[in-house]
Amino acid sequence: MNTNTNNDRTLPTVDRARSEAWFLAETVLGMNATCVLHGPAGTGKTYAAATIARPGSPVPVVMTMTDETSAADLLGHYIAGPNGFEWKDGPAVLAMRAGARLVINEIDHASGDAIAALYAIADERDTLARTGVALGNGEHVFPAAGFHVVATSNAEPADALRGEGIASRFALRVHLPDAHPAAVDALPEDCRKAAAASCVNPDPEQRLTLRSWRIFADLRHQIGQPLAAALAFGPGRADAITDSLAVAAA
Ligand SMILES: Nc1ncnc2c1ncn2[C@@H]1O[C@H](COP(=O)(O)OP(=O)(O)OP(=O)(O)O)[C@@H](O)[C@H]1O
Ligand SMILES: [Mg+2]
């Protein structure tokens, strides 16, 4: 078993009996391995990728892919400065130089151009250490020890990692079908059971994210439960949710 410590925590922090998936995810994150975390929205993938790491690791560099994200957005480009054009490293290169984790959110949205850069960035450690990554300023950057990539996605790997080349670079995959236990425990006790179930409801129409539950929990102190539920979950569902909380509390 992996027993890395991160600050004052021993990894994995998650009780295996409570969540096998998160136990495995934290084990992988403690190994600083290139991998993809995938599962429903708002369950804690980014939070975990940004906060759970081997002790002494540099702070992760986090970026989110959109259809517009280019290879230059990842690697760097020239910008106009007071002394003319100057090279500015992109997030991937900052992470490589620091030996940090690069978190790539929503990898399923990566454009073909960004994928081309990820081919180099997420290559196997030994290959990357030999080849480095070519930058637009002519430099070849080589990763400092500890550099690795953690991708996140709501889509299944078959859809998120299109093409054998990128799929094989993220061969280590952890499916997270439930919310991180600490994210559930951060909610008031009376909301936890309903939140844990509803945030991963297979029917997207019925799903209520942990973010909505957080809003509900924060607002109800200020404006009362019925109004908070209407704002957080929508007026159409507010009564059913507050009724179910009352039944659970009885
Ligand atoms: N370990 C945790 N402890 C406390 N709160 C957490 C934890 N993990 C997640 N959360 C809460 O849940 C919210 C959603 O988490 P996060 O953004 O990591 O989800 P995600 O799975 O990356 O979602 P998406 O798929 O939409 O990107 C966070 O903003 C935070 O409030
Ligand atoms: Mg995320």
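Sequence order sets the numbering: in each chain, residues are counted from 1 along the sequence as written. As they are written, the chains are lettered A onward and the ligands numbered 1 onward, keeping that order. Restriction of local features to residues with pLDDT of at least 70 applies here, the model being predicted, together with a cutoff of 80 or more for giving and counting side-chain atom pairs; totals for whole chains, interfaces and linings are based on all residues. Only hydrogens and water are set aside when side-chain values are computed; all heavy atoms of the structure are taken into account.

Draft legend 1. Examining the sheet that holds strand β11 (residues 173–175) more closely. At least two DSSP bridges between two strands are needed for those strands to be called paired. Here a helix means four or more residues in a row that DSSP labels H or I, a strand means two or more in a row labelled E, and each is numbered from the N terminus. One open sheet accounts for 5 strands, arranged β4-β7-β10-β3-β11; its pairing is parallel. Of all strands in the sheet, those with a lone pairing partner are β4 (61–64) and β11, marking the two edges. Strand-to-strand twist of the sheet, defined as the mean angle between neighbouring strand axes without regard to direction, takes the value 20°. Pairing between strand β3 (residues 35–38) and strand β10 (residues 148–153): 4 bridges, direction parallel. In the strand pairing of β10, H38 is matched with S153. By definition in these notes, contact holds between two residues if any of their heavy atoms fall within 4.5 Å. Only C-alpha atoms enter the line fits that serve as axes; for helices the fit covers just the stretch in contact. Angles between N-to-C directions range over 0 to 180 degrees. Set on the sheet, helix α1 (residues 20–30) makes contact with β3, β7 (101–105), β10 and β11; between it and β11 the angle comes to about 155°.

Draft legend 2. Quick peek at the site of ligand 1. Surrounding ligand 1, one finds 13 residues, the nearest of these being G42, K45, Y47, N154 and R211. Here T46 contributes a side-chain N or O atom positioned 2.9 Å from an oxygen atom of ligand 1. Between E106 and ligand 1, the recorded distance is 3.2 Å, taken from a side-chain N or O atom to an oxygen atom. For ligand 1, whose accessible area on its own is 630 Å², the fraction buried by protein is 78%. Assessed atom by atom at 2 Å from the grid points, ligand 1 resides in the largest pocket. The element that contributes the greatest number of residues to the shell around ligand 1 is helix α2 (residues 45–51), accounting for 3 residues. Following the grouping adopted for this structure description, the nonpolar residues are Ala, Val, Leu, Ile, Met, Phe, Trp, Tyr, Cys and Pro, the charged ones are Asp, Glu, Lys and Arg, and the polar ones are all others, Gly among them. Grouping the amino acids of the shell around ligand 1 by side-chain chemistry returns 4 nonpolar, 6 polar and 3 charged. To be near a molecule or strand, a residue needs just one of its heavy atoms within 4 Å of it. The definition of a polar contact used here is a pair of N or O atoms within 3.5 Å, where within protein one atom must be able to donate a hydrogen and the other to accept one, and adjacent residues in sequence count solely through side-chain atom pairs. Note on areas: Shrake-Rupley, 1.4 Å probe, and residue coverage restricted to the protein chains presented here. Grid points spaced at 1 Å and placed over the protein atoms alone form the basis of the search, with a cavity being a set where a 1.4 Å probe fits but cannot get out and a pocket an open set showing protein on both sides within 12 Å along at least five of seven lines. Lining residues have an atom within 4 Å of a point. What decides whether a molecule sits in a cavity or pocket is whether more than half of its atoms lie within 2 Å of the grid points.

Draft legend 3. How the structure looks around helix α4 (residues 91–98). The rule is simple: take the accessible area with a 1.4 Å probe, protein chains only, and divide by the maximum for that residue type; under 20% is buried, over 50% is exposed, in between is partly exposed. Along α4, the residues classified as buried are P91, A92, V93, A95 and M96. G99 sits one or two residues past α4 and shows a positive phi near 70°.

Draft legend 4. Structural view of the packing of helix α10 (residues 189–198) against helix α11 (residues 210–223). In contact at an axis separation of 9 Å, α10 and α11 are set at 155° when each is read in the N-to-C sense. On the basis of the axis angle, α10 is roughly antiparallel to α11. Seen from above, α10 lies across α11 with right-handed handedness. Residue-level inspection shows D190, C191, A194, A195 and S198 of α10 in contact with α11, the latter providing L210, W213, F216 and R220. By residue class, the composition of the contact of α10 with α11 is 6 nonpolar, 1 polar and 2 charged. Angle categories: roughly parallel below 35 degrees, roughly antiparallel above 145, roughly perpendicular from 65 to 115, and oblique for all the rest. For any pair of crossing helices, the crossing counts as left-handed if the nearer helix is rotated counterclockwise from the farther one by less than a right angle, and right-handed if it is rotated clockwise.

Draft legend 5. Broad picture of the pattern of salt bridges. Here, a salt bridge means any side-chain nitrogen of Lys or Arg that lies within 4 Å of a carboxyl oxygen of Asp or Glu. According to the stated counting rule, one finds 7 salt bridges in the structure shown. One salt bridge in this structure joins D185 and R18, with 2.9 Å as the shortest N-O distance. Of this pair, D185 sits in helix α9 (residues 181–185) while R18 sits in the loop between β2 (9–10) and α1, and the two are 167 residues apart along the sequence. Assessed through its relative accessible area of 44%, R18 is described here as partly exposed. The partner of D190 in a salt bridge is R220, with the nearest N and O atoms 2.8 Å apart. With D190 in helix α10 and R220 in helix α11, this residue pair connects regions lying 30 residues apart in the sequence. Classification of D190 by relative accessible area gives partly exposed; the value is 35%.

Draft legend 6. Geometry of the confidence of the model for the chain. Of the residues in the chain, 96% have a pLDDT of 70 or more, and the chain-wide mean is 93. Scored between 0 and 100, pLDDT is the confidence that the predictor attaches to each residue. Low pLDDT, under 50, characterises residues 1–8; the stretch is placed with 25 contacts to residues that sit more than four places away or in other chains.

Draft legend 7. Summary view of the domain arrangement of the chain. All the domain ranges listed were derived from an automatic or database domain assignment. By the assigned domains, the chain splits into domain 1 (5–175) and domain 2 (187–249). Computed over C-alpha atoms, the centres of domain 1 and domain 2 are 33 Å apart. In this complex, domain 1 contributes 4 residues to the contact, which on the side of domain 2 involves 4 residues. Buried area: the accessible surface (1.4 Å probe) lost by two parts on joining, summed over both. Taking both sides of the interface into account, the surface hidden between domain 1 and domain 2 amounts to around 370 Å²; carbon and sulfur atoms contribute 66%. The three residues of domain 1 that bury the most area against domain 2 are P40, A41 and G42, which together make up 81% of that side's buried surface. Taken together, the connections running from domain 1 to domain 2 amount to 0 salt bridges. Linking domain 1 to domain 2 there are 0 residue pairs in polar contact (both at pLDDT 80 or more). Residue classes in the side of domain 1 that touches domain 2 are distributed as 2 nonpolar, 2 polar and no charged.

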